[in-house]
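Now for the letters of each chain:
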Amino acid sequence: MKKKVAIIGGGIAGLSAAIRLISSGNKVTLFEKNTTTGGKANELRKEGFRFDTGPSLLTMKFVLEELFESARINTDDYIKFTSLSTLCKYHYPDGTLINAYADREKFAGEIEAKTSDKAESIKKYLRYSKRIYDLTAELFLYKSFKEPSTFMNLRALKTLLNLRSIDAFRTINEANQSFFRDTKTIQLFNRYATYNGSNPFEAPATLNIIPHVECSLGAYLPEKGIYSITEALTKVAEDLGVSIQYNCNVEKITHKEKVVKGVRVNGIEEKYDIVVAGSDVNYTYINLFDNLEIKESRKYKKLTPSSSAVVFYWGVKNYTSPLSTHNIFFSDNYKAEFDDIFKEKRTPRDPTVYVYISSKTVQGDAPEGGENWFVMTNAPYSEGQDWLNEIKIQEEVIKKKISKTLGINIEQHIRFSEVLTPPIIEAQTNSHLGSLYGISSNNRNAAFLRQGNRSGYFKNLYFCGGSAHPGGGIPLVLLSGKIACDLIRKDYD
Ligand SMILES: Cc1cc2nc3c(=O)[nH]c(=O)nc-3n(C[C@H](O)[C@H](O)[C@H](O)COP(=O)(O)OP(=O)(O)OC[C@H]3O[C@@H](n4cnc5c(N)ncnc54)[C@H](O)[C@@H]3O)c2cc1C
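Residues numbered from 1 in each chain as written. Predicted model: local features only at pLDDT ≥ 70, side-chain atom pairs only at ≥ 80, totals over all residues. Heavy atoms only, no water.

S.K.: Help me understand the packing of aromatic side chains in this model?
M.R.: The geometry of two aromatic rings is summed up by the distance between their centres and the angle between their planes. Throughout the structure, instances matching the rule amount to 33 aromatic pairs. Ring plane angle 80 degrees and centroid distance 6.1 Å describe the contact between F51 and F416, whose orientation is recorded as edge-to-face. Of this pair, F51 sits in strand 4 (residues 49-52) while F416 sits in strand 19 (residues 414-420); the two residues are 365 residues apart in sequence, bridging distant segments of the chain. Judged on exposure class, the residue F51 and its partner F416 are both buried. Residues F180 and F189 carry aromatic rings whose centres are separated by 5.3 Å and whose planes lie at 10 degrees to one another, so their mutual orientation is stacked. In terms of burial, F180 and F189 fall into one category: buried. Here the aromatic cluster, defined as three or more aromatic residues joined through ring pairs, consists of F107, Y125, Y128, F179, F180, F189, Y192 and Y195. It is K4 that lies over the ring of Y272; its NZ or CZ is 4.7 Å from the centre. One residue, K106, lies across the ring of Y101, its end atom 4.2 Å from the ring centre. (Phe/Tyr/Trp six-rings, centres within 6.5 Å; stacked < 30°, edge-to-face > 60°. Helix = DSSP H or I, 4+ residues; strand = E, 2+ residues; numbered from the N terminus. Buried < 20%, exposed > 50% of the residue type's maximum accessible area, 1.4 Å probe, protein only. Lys NZ or Arg CZ within 6 Å of the ring centre and 35° of its normal.)

Structure below.
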């Protein structure tokens, strides 16, 4: 198979597709509108501090390793990982601190010591989470969801005929309440819904596979931070011969009826045999096809985007915090927090605050005596809110909460502050309404409704990325690139 392929977007998904397509003998050009690759997985450097701007945690590391192996590349030559012994430190409003240790026995012991739940209930819960993973991963994550062959095996049919076994009829919160009696433990496990921008009070409990992915399969940070994943993928792609064109905004996907002809970039039309859109699906339909009205795009536009985020990047000086790499400061009322995000469409008035300090693990990410704080709260997708006001509200409440919990005045230690909001995310990456993970999974049918990796309308258009199957987050978008490439191989070999 030697085809001329254009890839739109140098996010993690576009890079994943580029590496696989060049490895299978194609001529690949990747167009990135920005000056760097990475999309949401980017970095910010300022006054001696370095920040990962988006993702802060890697799960399912084996997906990345398999991508390197597929290109006959030794992962260790490009990137080395630190496995985290403490996954996260959870701070509760009443002063309780729960350490989520990677070691299962230790974590279960911590839960028994700090809550009214038993250690055994954690083990039982993680077995349940593994069971859902074992039943669903192959079907929902690793293969195209639109190919009849995906469903033509006993295991897939068994899963689909028995949705009860994958807990599709309860919400995450309902399932978690059935395992634990302490609200602290329930809140801790409900939080995993936010890993794909969903609401634990609405999303199906099938998403309870996420605790297994993090707690049992492991959570990692590259030795040089998350952005080094972007750098490694970019280097591998270029070493293999992918032509990466920076500052190249794809303005249109040209087509004649149902056949894509190529792309128009910076005013110039170029012909390609195949186009892979690593750009957001809604953005692609609306902007690159002049609001093309086909069944697929009409259906997609009706779906609810996932949540977004407000992130502050603080250069913290003269302070060594008692925090870990990943930290949570929980809200008092989790239900009210998600009502704010998904119903009121405003930032939470009492948010759960996530603080990621890569300098606790990554040497050189902050100057001597300082720390690089990535401070994030979940937010609604952008819908005309007054973001200046929302930022002000978040900043005030976050500083108050952190200062109270740590017994300091954090304000005094902030040397500078930069901010990321949903409209900025949209402007930087063309993510529809600034959502982080494509469409939300609050609906039980989300997995079935998400855009497939092959266009149902155009003969030679494929999709990868967080808004296409199998969804958002680093491992899944890496897989989306793989599935798109598998389909292309199948169609053209
Ligand atoms: C604050 C934040 C925290 C997150 N935390 C985590 C986490 O801890 N763990 C995790 O796994 N995931 C996390 N995520 C999600 C993760 O970052 C994304 O799912 C993933 O990076 C998306 O990759 P992508 O390639 O699909 O899209 P993007 O990263 O959005 O990349 C799309 C690329 O396409 C380019 N592009 C778009 N349109 C065009 C065009 N017309 N022409 C040329 N180029 C174009 C954009 O510039 C961009 O570079 C987080 C995201 C954010 C923002």
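We are not done yet, so read on.
S.K.: Looking at this structure, how should I read the pattern of salt bridges?
M.R.: Pairing between side chains becomes possible if they bear opposite charge and their charged atoms approach one another. Tallied over the entire structure, the rule returns 29 salt bridges. Of the charged contacts, one joins R170 and D167 as a salt bridge, the two residues approaching to 2.9 Å between their closest N and O atoms. You can call R170 partly exposed: its relative accessible area is 29%. (Salt bridge = Lys/Arg side-chain N within 4 Å of Asp/Glu carboxyl O.)

S.K.: How should I be thinking about the site of the ligand in this particular structure?
M.R.: Surrounding the ligand, one finds 36 residues, the nearest of these being E32, K40, G466, G473 and I474. I12 is positioned with one of its backbone polar atoms (N or O) 3.2 Å from an oxygen atom of the ligand. For the ligand, an oxygen atom lies 3.0 Å from a polar atom in the backbone of A13. In isolation the ligand exposes 1,000 Å². Once the protein is present, 95% of that is buried. Counting only elements with at least two residues in the shell around the ligand, the list comes to helix 1 (12-23), helix 16 (422-429) and helix 18 (474-492). (Near = heavy atom within 4 Å. Polar contact = N/O pair within 3.5 Å; in protein donor to acceptor, adjacent residues only side chain to side chain. Areas by Shrake-Rupley, 256 points an atom, 1.4 Å probe, with all protein chains shown as cover.)

S.K.: Could you clarify how one ought to interpret the sheet that holds strand 9 (residues 219-222) in this entry?
M.R.: Pairing between the strands of a sheet is mediated by backbone hydrogen bonds and can be parallel or antiparallel. Taking strand neighbours across the sheet as the criterion, the three strands line up as 5-9-6 in an open arrangement whose pairing is antiparallel. The open sheet is flanked by strand 5 (58-59) and strand 6 (81-83), the only strands paired with a single partner. Strand direction decides the pairing type here: strand 6 and strand 9, joined by three bridges, are antiparallel. In the sheet register, T82 faces strand 9, and the bridge partner there is L221. (Pairing = 2+ DSSP bridges.)

S.K.: Would you mind showing me how to read the nonpolar core here?
M.R.: Nonpolar side chains in soluble globular proteins generally cluster together in the buried interior. In terms of nonpolar packing, the biggest core is built from 115 residues, with I7, L21, Y90, L188, I229, L233 and V276 touching the most fellow members. Examining the composition of this core, we find that 11 residues originate from one element, helix 5 (residues 119-141), more than from any other. Of the residues that make up this core, three or more belong to each of domain 1 (4-39 + 227-304 + 438-492) and domain 2 (105-210). Ignoring anything within four residues of it in the chain, the contact list for I229 reads I12, L58, L64, I79, P222 and I474. (Core = buried A, V, L, I, M, F, W, Y, C linked by side-chain atoms within 4.5 Å. Domains from an automatic or database assignment. Contact = heavy atoms within 4.5 Å.)

S.K.: Quick question: what am I supposed to make of the domain arrangement of the chain here?
M.R.: Accessible area lost upon the coming together of the parts serves often as the stated size of an interface. Domain annotation for the chain reports domain 1 (4-39 + 227-304 + 438-492) and domain 2 (105-210). Taken together, the 17 residues of domain 1 in the interface contact 20 residues of domain 2. Counting the surface lost from both domain 1 and domain 2, the interface buries some 1,600 Å², and carbon and sulfur atoms represent 56% of this. Together, N442, R444 and F448 form the three largest contributors to the area buried by domain 1 at its contact with domain 2, with a combined 36%. Viewed at the interface, domain 2 and domain 1 are joined by five residue pairs in polar contact (both at pLDDT 80 or more). (Buried area = accessible area lost by both parts, 1.4 Å probe.)

S.K.: I tried to follow the packing of helix 1 against helix 11 (residues 227-240) on my own but got confused; where do I start?
M.R.: To describe two helices that pack against each other, one gives the angle between their axes and the distance between the axes. For the pair helix 1 and helix 11, interaxial distance at closest approach is 9 Å and the crossing angle is 25 degrees. Judged by the angle between their axes, helix 1 and helix 11 are roughly parallel. The handedness of the crossing between helix 1 and helix 11 comes out as left-handed. Seen from helix 1, the contacting residues are I12, L15, I19, I22 and S23; seen from helix 11, they are I229, T230, L233, T234, V236, A237 and L240. (Axes fitted to C-alpha atoms, helices over the stretch in contact; angles between N-to-C directions. Parallel < 35°, antiparallel > 145°, perpendicular 65-115°, else oblique. Left-handed = near helix turned anticlockwise from the far one by under 90°.)

S.K.: Help me understand helix 5, please; the structure alone is not making it clear to me.
M.R.: Taking 1.5 Å of rise per residue, the 23 residues of helix 5 would be expected to cover 33 Å, and the 30 Å separating its terminal C-alpha atoms lies within 8% of that figure. Approximately 40 degrees is the largest bend angle found in helix 5, and it occurs at L135. (Expected span 1.5 Å × (residues − 1). Bend = angle between axes of the 7 residues up to and from the residue.)

S.K.: Would you mind showing me how to read the packing of helix 8 (residues 172-179) against helix 9 (residues 183-190) here?
M.R.: As a packed pair, helix 8 and helix 9 sit with axes 9 Å apart at the nearest point and diverge in direction by 140 degrees. Judged by the angle between their axes, helix 8 and helix 9 are oblique. Considering how the two elements wind past one another, helix 8 and helix 9 form a crossing that is right-handed. Note on element contacts: helix 9 touches helix 8 through I186, F189 and N190, opposite I172, N173, N176 and Q177. The residue inventory of the contact of helix 8 with helix 9, partitioned by class, reads three nonpolar, four polar and no charged. (Nonpolar A, V, L, I, M, F, W, Y, C, P; charged D, E, K, R; others polar.)

S.K.: Whenever I open this one, the pairing of strand 2 (residues 27-31) confuses me. Can you help?
M.R.: When a strand is regular, its side chains alternate between the sheet's two faces. Within strand 2, four of the five residues are buried, which leaves it mostly tucked inside the rest of the structure. As defined by bridge partners, strand 1 (residues 4-8) adjoins strand 2 across five bridges and the pair is classed as parallel. Following the sheet pairing, K4 is matched in strand 2 by K27. What joins strand 1 to strand 2 is helix 1, and the crossover it makes is right-handed. (Right-handed = clockwise from strand over helix to strand, strands pointing away.)

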